[in-house]
Amino acid sequence: QVQLVESGGGLVQAGGSLRLSCAASGSTFRFNDMGWYRQAPGKQRELVASKRSDGRTTYADSVKDRFTISRDNPKNEVYLQMNSLKPEDTAVYYCNARKTVYTSYYWGQGTQVTVSS
């Protein structure tokens, strides 16, 4: 059974940095997509960044030039380096992954990121 476990969230002041990590267990299969979503109170879950196994990367416009997604494919891990954090980045951040474009996503439990002004 595949499990995704996030770590690295916390409280940081505006302008600071955090690095989120997500480790996948229970699968030796390389995931096609791995990425990060976030959900702020009262808002829908939204894509932050995703990275395919071929290197193709997608970012939300709101985080471009501030956040960087990276992967360690042999370890089935994905990371999100977040710089120049803003209060509006405050949300629960979720890791997700899917084996192929035809299969469903696996989701982690989420990690809280709080940015104080």
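Residues numbered from 1 in each chain as written. Predicted model: local features only at pLDDT ≥ 70, side-chain atom pairs only at ≥ 80, totals over all residues. Heavy atoms only, no water.

**Quick look at unusual backbone geometry**
Point 1. A positive phi is found at D65, a non-glycine position, where the angle reads about 75°.
Point 2. Relative to the helices and strands, D65 is located in the loop between β6 (57–59) and β7 (67–72).
Point 3. Residue D65 is classed as exposed on the basis of its relative accessible area, which comes to 82%.
Point 4. Its identity as a non-glycine residue notwithstanding, S84 has a phi of 50°, on the positive side.
Point 5. On the secondary structure map, S84 appears in the loop between β8 (77–82) and β9 (91–98).
Point 6. In this structure S84 comes out as partly exposed when scored by relative accessible area, which is 40%. (Helix = DSSP H or I, 4+ residues; strand = E, 2+ residues; numbered from the N terminus. Buried < 20%, exposed > 50% of the residue type's maximum accessible area, 1.4 Å probe, protein only.)

**Concerning the state of the cysteines**
Point 1. In this structure the tally under the stated criterion is 1 disulfide.
Point 2. Disulfide pairing places C22 opposite C95 at an S-S distance of 2.0 Å. Disulfide C22-C95: the torsion about the S-S bond is -75°, which places it as left-handed. In this pair, C22 sits in strand β3 (residues 18–25) while C95 sits in strand β9, placing the two residues 73 residues apart along the sequence.
Point 3. Classification of C95 as buried rests on a relative accessible area of 0%. (Disulfide = S-S within 2.5 Å.)

**Structural notes on the pattern of salt bridges**
Point 1. The tally for this structure, following the rule as stated, stands at 6 salt bridges.
Point 2. One salt bridge in this structure joins D54 and R52, with 3.0 Å as the shortest N-O distance.
Point 3. Taking relative accessible area as the criterion, D54 reaches 47% and is therefore assigned partly exposed.
Point 4. A single salt-bridge network, built from bridges that share partners, covers R38, E46, R66 and D89. (Salt bridge = Lys/Arg side-chain N within 4 Å of Asp/Glu carboxyl O.)

**Observations concerning the side chain of S50**
Point 1. Within the secondary structure layout, S50 lies in strand β5 (residues 46–52).
Point 2. Contacts of S50, omitting those with residues within four sequence positions, involve M34, G35, R56, T57, T58 and I69. (Contact = heavy atoms within 4.5 Å.)

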